[in-house]
Amino acid sequence: MRYPLEQIKYYEIGNDKIKARIMNYGCTLLNLWVTMPDGSVRDIVLGYEDTADYFDNPPCFGSCVLPNANRIEGASFTLNGTTYSLDKNDGENNLHSGNEPLHKRLWGVETHDEASVSFVIGSADMDCGMPGNREFTVTYSIDDNRLRIDYTCISDADTLFNPTNHSYFNLLGHNHGSVLEHKLLINADTFTPSNEHSICHDDMVNVKGTPMDFTMASIVGSRINEEFDQLIWGNGYDHNYVLNDNCSKPSSEALDLPAVTLSAPDDSLTFNIYTTAPCMQVYTGNYLSDSDIGKGGFHYAPRYGIALETQYAPNAVNIASFKQPLLKANTMGTSATIYELI
């Protein structure tokens with residue numbers, strides 16, 4: 001959806017270590033600045049210079065995707081005996097909640113101070129094809145060297161609730177270039193293979209012995225071009241990892257074991273992710289294009305950023321054996337993710 005630019009508002013939060021800039025259109029993360037030991041500042045998320053470009057935003061730069069992230073096969077699902085039809089906006093499938101998702105709308109602002117900003121939006125029954133009159137909140141907060149995103153939803157009917165943030169990261173700076181030399185560790189022993197249309201079914205496969213294995217820190221691009229069907233179909237990594245249960249959760253007092261660790265090639269910056277979500281979609285920006293003109297006029301290209309999307313597995317609502325992204329009526333759904341910068 002397009003709005004008059006004067007309705008778009010911007011909010012900065014943070015401290016002398018990290019700062020974030022977010023707008024009320026889609027609760028979109030526009031900048032994440034990190035102050036380095038030498039006093040220089042890096043903006044480590046990809047994005048556009050012009051706000052109007054976010055109205056289209058095919059890569060979903062910085063978007064808080066709601067109500068449901070990722071794909072649903074056949075653009076339909078059945079809940080409580082009723083089948084719901086969704087927008088077919090990715091071939092025959094539904095991607096990121098369809099043509100008019102909540103990350104393409106203006107949100108209200110509940111609170112804002114130097115450390116946090118909280119956005120709210122209502123969504124009527126059958127909006128985005130999903131049941132329930134719903135109210136969503138997204139809160140960004142910064143504490144020391146950690147950016148936290150909290151999502152909540154309450155609905156008067158059973159519904160889907162599967163949020164994520166779709167930022168693309170480059171720890172050397174959004175305008176550095178390829179992320180293929182970054183080092184990645186994922187605390188996940190299994191992934192869910194996808195077919196040629198990026199749809200998961202009911203398989204969970206051990207990563208050992210495959211180029212999907214990041215259980216030890218590995219160079220992102222070291223195996224990305226191997227003759228492996230998953231990488232061929234995805235044109236690189238665009239896959240869901242099932243996080244191990246031993247990952248530290250944002251609700252824990254101590255955050256000892258992250259779900260994911262991403263490190264710059266020169267080890268100048270390390271990025272830990274903690275989440276309450278059961279899975280992580282790893283996408284190496286395989287379809288970014290130099291027509292995606294970013295901040296400062298920089299031209300992005302394939303694999304110039306990596307998205308690390310905390311969520312439920314793609315198509316989980318249609319796979320009974322997967323953890324389900326379902327919210328019961330009149331209960332508060334919550335999800336949280338912490339990004340720690342070291």
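Look above for the structure.
The following refers to the structure shown. For clarity, every value in this text was computed on a predicted model and none was experimentally measured.

Calculation rules
- Residues numbered from 1 in each chain as written.
- Predicted model: local features only at pLDDT ≥ 70, side-chain atom pairs only at ≥ 80, totals over all residues.
- Heavy atoms only, no water.
- Helix = DSSP H or I, 4+ residues; strand = E, 2+ residues; numbered from the N terminus.
- Rg over C-alpha atoms; globule rule 2.2 N^0.38 Å.
- Contact = heavy atoms within 4.5 Å.
- Phe/Tyr/Trp six-rings, centres within 6.5 Å; stacked < 30°, edge-to-face > 60°.
- Buried < 20%, exposed > 50% of the residue type's maximum accessible area, 1.4 Å probe, protein only.
- Lys NZ or Arg CZ within 6 Å of the ring centre and 35° of its normal.
- Pairing = 2+ DSSP bridges.
- Core = buried A, V, L, I, M, F, W, Y, C linked by side-chain atoms within 4.5 Å.
- Polar contact = N/O pair within 3.5 Å; in protein donor to acceptor, adjacent residues only side chain to side chain.
- Axes fitted to C-alpha atoms, helices over the stretch in contact; angles between N-to-C directions.
- Disulfide = S-S within 2.5 Å.

This next bit is on the overall build of the chain. A count of helical and extended segments in the chain gives one helix and 27 strands. A globule of 342 residues ought to have a C-alpha radius of gyration of about 20 Å, and the chain, at 19 Å, matches this closely. With respect to the principal axes defined by its C-alpha atoms, the chain has extents near 60 × 50 × 45 Å. Sequence separation of at least 24 residues holds for 65% of the intrachain contacts in the chain that already meet a minimum separation of 6.

What follows concerns the packing of aromatic side chains. Per the stated rule, a full pass over the model turns up 17 aromatic pairs. Look at Tyr 25 and Phe 55: their rings are 5.0 Å apart centre to centre, the planes differ by 80°, and that puts the pair in the edge-to-face class. Residue Tyr 25 is located in the loop between strand 2 (18-23) and strand 3 (28-35), and its partner Phe 55 is located in the loop between strand 4 (41-43) and strand 5 (64-65); the two are separated by 30 residues in the primary sequence. Side by side, Tyr 25 and Phe 55 carry an identical accessibility label, which is buried. Taking the centre distance of 5.8 Å and the plane angle of 45° together, the rings of Phe 169 and Tyr 339 count as tilted. Separated by 170 residues along the polypeptide, Phe 169 in strand 16 (residues 168-169) and Tyr 339 in strand 27 (residues 332-341) bring together distant segments of the chain. Seen from the ring of Phe 214, Arg 223 lies directly overhead, with NZ or CZ sitting 5.1 Å from the centre.

Looking now at the environment of Glu 110. Among the structural elements, Glu 110 can be located in strand 10 (residues 108-112). Given a relative accessible area of 48%, Glu 110 falls into the partly exposed group. The spacing of Glu 110 and Ile 121 is eleven residues in sequence and 9.9 Å in space, taken between C-alpha atoms. Apart from residues lying up to four places away in sequence, Glu 110 is in contact with Ser 118, Val 120 and Thr 137.

This brings us to the sheet that holds strand 10. Pairing in this open sheet of nine strands is antiparallel, and the strands run 10-11-12-13-27-23-22-17-20 from one edge to the other. On the outer flanks of this sheet lie strand 10 and strand 20 (218-219), each paired with one strand and no other. Of the pairings in the sheet, the one linking strand 11 (residues 116-123) to strand 12 (residues 134-143) comprises eight bridges and is antiparallel in character. Opposite Val 117, over in strand 12, you have Tyr 140 as the bridge partner.

This part takes up the nonpolar core. Formed by 60 residues in total, the largest nonpolar core has its most connected members in Tyr 140, Leu 184, Tyr 241 and Leu 308. Formed by 15 residues, the second largest nonpolar core is a distinct cluster that contains Leu 30, Phe 55, Phe 61 and Leu 288.

It is worth spelling out the pairing of strand 11 at this point. The element strand 11 is extensively covered by neighbouring structure, given that seven of its eight residues are classed as buried. Two strands pair when backbone bridges link them, and strand 10 and strand 11 are joined in this way by four bridges, in the antiparallel orientation. Paired with Val 109 across the strands is Phe 119, a residue of strand 11. Taking the residues that link successive antiparallel strands as the turn, the strand 10-strand 11 hairpin has three residues.

By secondary structure assignment, the location of Asp 213 is in the loop between strand 19 (205-206) and strand 20. Looking at Asp 213, its side chain comes within polar contact range of the side chain of Thr 215, at 2.6 Å. Look past the residues within four positions of Asp 213 in its chain and what remains in contact with it is Val 207, Lys 208, Ser 218 and Arg 223.

Sheet strands associate in pairs through backbone hydrogen bonding, adopting either a parallel or an antiparallel arrangement. With antiparallel pairing, four strands are arranged side by side in an open sheet as 1-2-3-4. Edge positions in the open sheet fall to strand 1 (10-14) and strand 4, since each of these has one partner strand only. Shown here is a sheet whose adjacent strand axes are inclined to one another by a mean of 20°, direction ignored. Here strand 1 pairs with strand 2 via five bridges, running antiparallel. Opposite Ile 13, over in strand 2, you have Ala 20 as the bridge partner.

All right, on to the state of the cysteines then. Counted according to the given criterion, the structure contains zero disulfides. Note on Cys 60: no disulfide assigned, nearest cysteine sulfur contributed by Cys 64 at a separation of 11 Å. Cys 279 supplies the cysteine sulfur nearest to Cys 200, a cysteine that is in no disulfide, at a spacing of 8.7 Å.

This part is about the environment of Thr 152. In this fold, Thr 152 is placed in strand 13 (residues 146-155). In this structure the C-alpha to C-alpha distance between Thr 152 and Pro 163, which are eleven residues apart in sequence, comes to 9.0 Å. Separated by 2.3 Å, the side chains of Thr 152 and Thr 137 make a polar contact.

For the rest of this paragraph, the subject is the pairing of strand 17 (residues 183-186). Side chains Leu 184 and Ile 186 project from strand 17 onto a buried face, and the interleaved Lys 183 and Leu 185 project onto a face without burial. Sheet topology places strand 17 next to strand 22 (residues 260-263); four bridges connect them, and they run antiparallel. Note that in strand 22 the partner of Lys 183 across the bridge is Ser 263.

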